[in-house]
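Tertiary structure, described
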Amino acid sequence: MKRNNSIPLQPILIAVAVILLILLVSWIYRNMKSNSIEITADQEIDITPQQIQSIKDIGEWEFLEISDEEMVDTTRRGILSDDHLVRIYYGTMRLGINLKQVETGWIVPRGDTIEVTLPKVGLLDRDFIDEARTKSFYESGTWTAKDRESMMRRAYQRMLQRGLTPQNLQTAQQNGEAQVRQVLQGMGFKLIKIQYKD
Amino acid sequence: MIRHALYITLILLCCYGCSRQQEPMTETVVKSDAIPPLVTQIRQCSRIYTTEYKIHKIITHDDVIRLRGSFLAQDFNIRMPLGDRKIAIPMDATLKAYIDMSQFSERNVEKTDDGKIIITLPDPQVIMTSSKIDQKNIKEYVGLVRSHFTDAEMTNYERQGRAAIIESIPQLGIISTAQENAARVLVPLITQMGYREEDIYIQFRKEYGLKDIQSLINMDIEHEKK
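Each chain carries its own residue numbering, running from 1 in the direction its sequence is written. Chain letters start at A and ligand numbers start at 1, both assigned in the order the entries are written. Predicted model: local features are reported for residues with pLDDT of at least 70 only, side-chain atom pairs are reported and counted for 80 or more only, and whole-chain, interface and lining totals are derived from all residues.

**Digging into the overall build of chain A**
This is how the line gets drawn: For helices the rule is a DSSP run of H or I covering at least 4 residues; for strands it is a run of E covering at least 2, with both sets numbered from the N terminus onward. The size measure is the radius of gyration over C-alpha atoms, and the globule rule it meets is 2.2 Å times the number of residues to the 0.38 power. Note on contacts: each residue gets a C-beta atom placed from the backbone, and two residues are in contact if those atoms are within 7 Å.
In terms of regular secondary structure, chain A is built from 3 helices and 8 strands. Reading the secondary structure of chain A in the N-to-C direction produces α-β-β-β-β-β-β-β-α-α-β. For a compact globule of 198 residues, the expected C-alpha radius of gyration is about 16 Å, and chain A comes in at 37 Å, more than 25% above that figure. Taking the principal axes of the C-alpha coordinates as reference, chain A spans close to 140 × 60 × 30 Å. Expressed as a percentage of contacts within chain A between residues at least 6 apart in sequence, the contacts between residues at least 24 apart total 77%.

**Quick word on the overall build of chain B**
So the rule is basically this: The exposure label follows from counting other C-beta atoms within 10 Å of a residue's C-beta, where the C-beta atoms are placed from the backbone and the thresholds are 20 or more for buried and 12 or fewer for exposed, leaving partly exposed in between.
Check the secondary structure of chain B and you find 5 helices and 10 strands. Within chain B, buried positions represent 24% of all 226 residues. In chain B, once contacts between residues fewer than 6 apart in sequence are set aside, the share between residues at least 24 apart is 80%.

**Quick word on the sheet that holds strand β4 (residues 107–110) of chain A**
Residue and element names in this part refer to chain A. To keep things clear, this is the line we draw: Strand pairing is assigned whenever DSSP detects at least two bridges linking the two strands. Orientation is described by lines fitted to C-alpha atoms, with helices fitted over the stretch in contact, and by angles between N-to-C directions that extend from 0 to 180 degrees.
In space, the 3 strands of this open sheet follow the order β4-β5-β8, with mixed pairing throughout. The open sheet terminates on both sides in strands that have one partner only, identified here as β4 and β8 (191–196). Averaged over all pairs of adjacent strands, the angle between their axes in this sheet comes to 10°, without regard to strand direction. Pairing analysis gives 4 bridges linking β4 to strand β5 (residues 113–118), with the strands arranged antiparallel. Bridging across to β5, P109 finds its partner in I114. Sitting on the sheet, helix α3 (residues 166–186) touches β5 and β8, and the angle it makes with β8 is about 150°.

**Re the sheet that holds strand β2 (residues 65–71) of chain B**
Across the sheet, 3 strands lie side by side as β1(A)-β2(B)-β3(B); this open sheet has antiparallel pairing. The open sheet terminates on both sides in strands that have one partner only, identified here as β1 (36–41) of chain A together with β3 (74–79) of chain B. Here the average twist between neighbouring strands, direction ignored, is 15°. Pairing geometry for β1(A) and β2(B), over 6 bridges, is antiparallel. Bridge pairing links A41(A) to I65(B) in β2(B).

**Things to note about the interface of chain B and chain A**
Inclusion rule: Amino acids outside the nonpolar list (Ala, Val, Leu, Ile, Met, Phe, Trp, Tyr, Cys, Pro) and the charged list (Asp, Glu, Lys, Arg) are all regarded as polar, and Gly is one of them.
Each side of the interface is counted separately: chain B has 87 residues, and chain A has 78 residues. At the level of elements, α1 (2–21), β1 (40–63), β2, β4 (85–100), β5 (109–111), β7 (124–133), α2 (151–167) and α4 (174–192) of chain B are the ones that each hand at least two residues to the side of chain B that touches chain A. Here the element with the most residues in the side of chain B that touches chain A is β1(B); it accounts for 24 residues. Of the residues in the side of chain B that touches chain A, the class split is 37 nonpolar, 32 polar and 18 charged.

**Observations concerning α2(B)**
To keep things clear, this is the line we draw: To estimate how far a helix should extend, the number of its residues minus one is multiplied by 1.5 Å.
Helix length check: α2(B), at 17 residues, gives a terminal C-alpha distance of 24 Å against a target of 24 Å (1.5 Å per residue), a fit within 8%. Along α2(B), the positions that sit buried rather than exposed are D151(B), M154(B), T155(B), Y157(B), E158(B), R159(B), G161(B), R162(B) and I165(B). Buried residues along α2(B) sit against β2 (50–76), β3 (83–98) and β7 (135–140) of chain A together with β1, β4 and β7 of chain B.

**Details of the nonpolar core**
Within soluble globular proteins, side chains that are nonpolar generally end up buried alongside one another. Residue and element names in this part refer to chain B. We count it as follows: The nonpolar core criterion groups buried Ala, Val, Leu, Ile, Met, Phe, Trp, Tyr and Cys residues into a set whenever they are joined through C-beta atoms within 7 Å.
With 64 residues, the main nonpolar core has L95 and I174 as its most contacted residues. Broken down by element, the residue count for this core peaks at 8 residues, all from β4. Ignoring anything within four residues of it in the chain, the contact list for I174 reads T51, Y53, L95, A97, V126 and I169.

**Examining the environment of W106(A)**
Within the fold, W106(A) resides in the loop between β3 and β4. Taking the C-alpha atoms as reference points, W106(A) and E44(A), separated by 62 residues in sequence, lie 52 Å from one another. With sequence-adjacent residues up to four places away left out, W106(A) is seen in contact with V116(A), T117(A) and Q192(B).

**Observations regarding the confidence of the model for chain B**
All names here are of chain B. Which entries qualify depends on this criterion: By definition, pLDDT measures how confident the predictor is in each residue, and it falls between 0 and 100.
Mean pLDDT for chain B: 80, with 73% of residues reaching 70 or above. Taken as a whole, residues 13–37 scores under 50 in pLDDT and shows 4 contacts with residues more than four places along the chain or in a different chain. Note on residues 221–226: pLDDT under 50 across the span, and 5 contacts to partners over four residues away in sequence or across chains.

**Concerning the environment of I65(B)**
The topology assignment puts I65(B) in strand β2. The spatial distance from the C-alpha of I65(B) to the C-alpha of G194(B) is 69 Å, given a sequence separation of 129 residues. Residues contacting I65(B), with those up to four places away along its chain left out, are I39(A), A41(A), M80(B) and L82(B).

**Structural notes on the pairing of β8(A)**
All names here are of chain A. With respect to burial, β8 is a largely exposed element, only 0 of its 6 residues being buried. Sheet analysis places β5 next to β8, joined by 6 bridges and oriented parallel. Residue V116 lies in a different strand from β8, and its bridge partner there is I194.

**With respect to helix α1 (residues 9–33) of chain A**
With 25 residues, α1(A) extends 36 Å from end C-alpha to end C-alpha; this agrees with the ideal 36 Å at 1.5 Å per step. Counting buried positions along α1(A) yields 0 of 25 residues, so the element is predominantly exposed.

This is the structure:
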């Protein structure tokens, strides 16, 4: 009787198959851990050029800066519910004198003495709201450009009321006097007389 | 044999599936209110504004919904057919260049024996003093299945547009214009003090490179630096 000495193939094949399967499953498992899915919308703006509309030489001497933030809200009454919009506006009022508005002879030197008549301190630029910095605080419902413009006007008026006070104008005037004096002293004048135009 | 292999595969997959289900959900979302308190700040200063630039920009945003992710180590990014949203926001901004005179002293002034006066001015700086959104001319295009742009989204795009204008300041040449205009403002002032125009020299610290100009842009307050 002939004895069969060959190694049985079946267990070897099963072992190889199991090893391959383990490798396959571990590969799938490893990669499945990094699987992710999300629905996104890009929030970045497109790159667009900016256009210089005008270049102007100005001469504004600022003595006081008032930075203000105003929260403005608006409500629209509805049958079932009300709509609200709350925004925060930012602005900086600059008080000082406009050197383009001075009259001839506003500075009169007499030896080491100098007499200066400054124009009245006022708001240097009526466009002082930085609308692009506005923050939307709360919104429900749909709002139009007209609503936003109305809110902006209210913020503007409130900032004027808060910033353009007699006290701030007086502070600006006092600081203006000190600053002009400092510059003239730097120029070598010893006696300086400063007055504001009535 | 194939049957055995299939059984082992199924068992392993079941084990994997069970272990995935048992993972605890630990993610928490913490929302904070980042709105700063409403304040009024008053600051004394001495700045001579010499140059004003009016800038116009149209901020555009193309809002496309995308399905993003990775599957078996393969990244994918598919545009979803859910309809697009587009918005164009026109805005105007005012940039002003100024010279800070608060530290001006006799160290900035040199007088020669032949009656000349040489004034060395501090570096001009640039600030955005105002911006205006042209609300009436904002154009929106919204797909049928998409919602309108919210106020929060629009203000976010406007802030980005503002930041883009500030970033472009070094390319606008405002610093050199400010230097020229400083002389135009100060020379008449000094002539009133008794000096002849040809005896007045206004100079600045140095020639400015791009890096210098970036350091001269006044970011105003911390909100804009983010």
